[in-house]
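Summary of structural features
For reference, the chains in residue letters:
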Amino acid sequence: MSILFDDTSRTFTLTTRNTAYQMQLAPTGHLLHLYYGRRAEGRFDSLYLPHDCGFSPNPYELRDNRGWSLDTLPQEYSGTNGGDYRLGALLPVTEDGVWGADLRYVRHTIEPGKYALHGLPAAFDNGGEAETLRVTLSDPAAQVEVELLYGVYASQDVIARAARVTNTGAQTVRLEKAASLCLDLPFGEWDLLHFHGRHCMERQPERGPLMTGVQTVSSKRGMSSHQHNPFVILCDQGADEDHGECYGVMPVWSGSHKTEIERDQRGSTRIVSGVNDEQFSWTLAPGESFDTPEALLAFTHEGLTRLSQTYHRFLRGNLCRSRFSNAPRPVLLNNWEATYFDFDEEKLLSIAREAKALGVDLFVLDDGWFGSRNDDNGGLGDWFVNRTKLPNGLGPLIEQINGMGLKFGLWIEPEMVNEDSALYRAHPDWALTVPGRKPSVGRNQFVLDMGRPDVVEYLCDTLTALLRENRIEYVKWDMNRGLSDVYSHALPPERQGEAAHRYVLGVYSLLDRLTTAFPDVLFEGCAGGGGRFDAGMLAYCPQIWCSDNTDAVERLAIQYGTSFGYPASAMGAHVSASPNHQTGRSVPLGTRAIVAMSGAFGYELDPTKLSAEEKQAIREQIERYREIETLIRTGDCFRLTDPRGEHRIAAWQFVSEDRSEALLNVVATHPEGNPRPLHLRLKGLDPQAVYTVEGQDGSFSGAALMYGGWTLPPLYGDYPGAQLRLRRQ
Ligand code: DGJ
């Protein structure tokens, strides 16, 4: 049993292999958070001494006990306006103007299996180990009941959390905030590690000590965003890759999000994470419920690498529903950087022919194949073939590509519409536009109101027909702008605060229907590169295009930052032409391949323009990738250096779960004159085992390679790279 309730001490204890999580019911019925951290048996209520803290009020029934305050004791899910002045997790407002909630215990249940959420992606039970705890709290004055949901995965060291808020009154209740979780860490000095960025430079790690007050990681863009990934880590200030306490919070949510971290007057830390409450409100009629998205919590006392590996395994095995999550992926060639919008059937076929000769498995036709799409000013919404470019249609093109022995994949951007499209002309009210105001455009496109069931229905029918009528084995699902002018023409005025949230629910429902109907199609997520690289999308798409920046040197930093939360198998990564189209930088083909192989591998260039030597090199790269694909997809990833750091090299490793195989990758980002030896201590090997190292005579113990290390010969030239396979003897 990983969930226990002790009637005497009124404590709930959730135990995983290496962690413990404890809550306690106070005499008032408030649910106190006692502990989340390294596994230890027993009770943790000795941690909290009642202490009279000035200006921190006391619940009415404990008014004689001035040390007992909601403002100072750790809370499991704090309401608002009940005497806890720190960040609230829930803000309901009744028709009578009752504002906030003072939540007290009603009941609980413990069940085998994992809870599910209505209309939202959530982790599932894989192997019968998950258990669910539901603790119901309520505030009759606020007319709400809150069911706190905990899914405990003992062997994985992950606890999934969510909340279901139900209107138990006779009037409507408006939710102004409903977070997925609140987590109090009453003691400790923590660093916040978060992943910010911009288009073409996503998920750059930034780490710094928490200051007193509130720090926020958020997006208001209606998408998880290039600017701020929803995944955050709190780690102790001495933590590094191999040591130290680390907490991860990973929202399973692709829309506007907010994680607030408050360090309060007493040095206690609170994390509140979930849907961004700005531009959000949700009206609950009597009896109706609202489910928050899920957030995945993980803790380790063994450093950042272990935390990342915990998430990598969990996302692959317990979140992504696609059968491709744990299967080899096709090596693909995408025509975007080869042709952009400028192609015809002959051009595509010549690219495909060369791709096949190189050993590629799947050809992807990117943007520009539909409607009046000759540039990015028109056509979105019209998901029928552009007969000027492809006069014979999609079917004959696919047949010819299949005839070469290649699979076929197609790009779509279903959530968007151009003003210049048949769809917009027929349904202008399907776009998010504020009445009486011209909407802003992004890439000259509007956003469809995905919260409307008729829009989702239309897209589902159109895309189902596309996938039924054509042998499409891969779909790249793009989204090239954030939401603005959020106003749904299908919602009444009092529900407009729901439009952005309903948008994401609509996206999930469309993805759910299509991925269920077409389980053999590999769906790759994308949003102008990695603008929606999050656990919500990963539930449907086993891989997501990591960034529009395909420069291998820049990708080192992007993939490094991404790896803190997400596995290599999730990162779409391609070898593109040199000089690179985004940066103008030239990087050797071998180095470009080393970097792209640390993800879902492919090419994004015009193979008809390659020299004979380059073609031969690519044939060898693909052969090699097939040999190491399983190791990269399923192995544990170890970050050996920070590629942006003073080491001037990027080094990372994959090690198979049984430690029989490893792959060392190195790229020199700043080669130097009279170079110092490149010395690296390897990680994750079996210290007792003996390994051979590719290209070296003899064999070496795992202990020698990890405790002593490995010295590489000096790397010369522009961005040289090396990739070495290690095998246990
Ligand atoms: C943005 C994507 O990230 C690119 O790979 C490409 O598909 C373009 N959109 C096409 O418009």
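Everything in this summary refers to the structure shown in the same document. The shown structure was predicted, so the numbers you read here are calculated from the model rather than taken from an experiment. (Residues numbered from 1 in each chain as written. Predicted model: local features only at pLDDT ≥ 70, side-chain atom pairs only at ≥ 80, totals over all residues. Heavy atoms only, no water.)

1. Regarding the site of the ligand
Our working definition: Nearness of a residue to a molecule or strand requires only that one of the residue's heavy atoms be within 4 Å of it. Think of a polar contact as two N or O atoms within 3.5 Å of one another; within protein, one of them needs to be a possible hydrogen donor and the other a possible acceptor, and neighboring residues in sequence only count if both atoms come from side chains. Residues are grouped as follows: Ala, Val, Leu, Ile, Met, Phe, Trp, Tyr, Cys and Pro are nonpolar; Asp, Glu, Lys and Arg are charged; every other residue, Gly included, is polar.
Close to the ligand lie 13 residues; Asp 366, Asp 367, Lys 476, Asp 478 and Asp 548 are nearest. One of the side-chain nitrogen or oxygen atoms of Asp 367 is found 2.6 Å away from an oxygen atom of the ligand. At 2.7 Å from an oxygen atom of the ligand is found a side-chain nitrogen or oxygen belonging to Lys 476. The residue inventory of the shell around the ligand, partitioned by class, reads 4 nonpolar, 3 polar and 6 charged.

2. Focus on helix H3 (residues 345-358)
We count it as follows: To qualify as a helix, a DSSP run of H or I must reach at least 4 residues; to qualify as a strand, a run of E must reach at least 2; elements of each kind are numbered from the N terminus. For a helix, the expected span equals 1.5 Å multiplied by the residue count minus one. Type-normalised accessible area, obtained with a 1.4 Å probe on protein chains alone, sets the label of each residue: buried when under 20%, exposed when over 50%, and partly exposed for intermediate values. For this analysis, residues touch if any pair of their heavy atoms sits within 4.5 Å.
Across its 14 residues, H3 extends 20 Å between first and last C-alpha, which sits within 8% of the 20 Å expected from 1.5 Å per residue. Among the residues of H3, those classed as buried are Glu 345, Leu 348, Leu 349, Ser 350, Ile 351, Ala 352, Ala 355 and Leu 358. As for H3, its buried residues are in contact with strand E21 (332-334), helix H2 (336-339), strand E22 (362-365), helix H4 (394-403) and helix H11 (612-634). Where H3 ends, the next residue or the one after it, Gly 359, has phi of about 110 degrees, a positive value.

3. Re the sheet that holds strand E30 (residues 600-604)
Where we set the bar: Whether two strands pair comes down to DSSP finding at least two bridges between them. Interaxial angles span 0 to 180 degrees and are taken between N-to-C directions of axes, which are lines fitted to C-alpha atoms, for helices over the stretch in contact.
Within the closed barrel, the 8 strands sit side by side as E21-E22-E23-E26-E27-E28-E29-E30. Their pairing is parallel. Ignoring strand direction, the axes of neighbouring strands in this sheet form an average angle of 30 degrees. Here E21 runs beside E22; their pairing, made up of 3 bridges, is parallel. Looking at E22, one finds that Leu 332 is bridged to Leu 362. Each of strand E29 (571-576) and E30 touches helix H10 (residues 589-597); the most contacted strand, E29, lies at about 170 degrees to it.

4. Some thoughts on the nonpolar core
Selection criterion: We define a nonpolar core as any set of buried Ala, Val, Leu, Ile, Met, Phe, Trp, Tyr and Cys residues linked to one another through side-chain atoms lying within 4.5 Å.
Counting 194 residues, the largest nonpolar core has Leu 365, Trp 369 and Leu 394 as the members making the most contacts within it. Dropping the residues within four chain positions of it, Leu 394 is found in contact with Leu 365, Trp 369, Val 385, Phe 408, Leu 410, Leu 466 and Asn 470.

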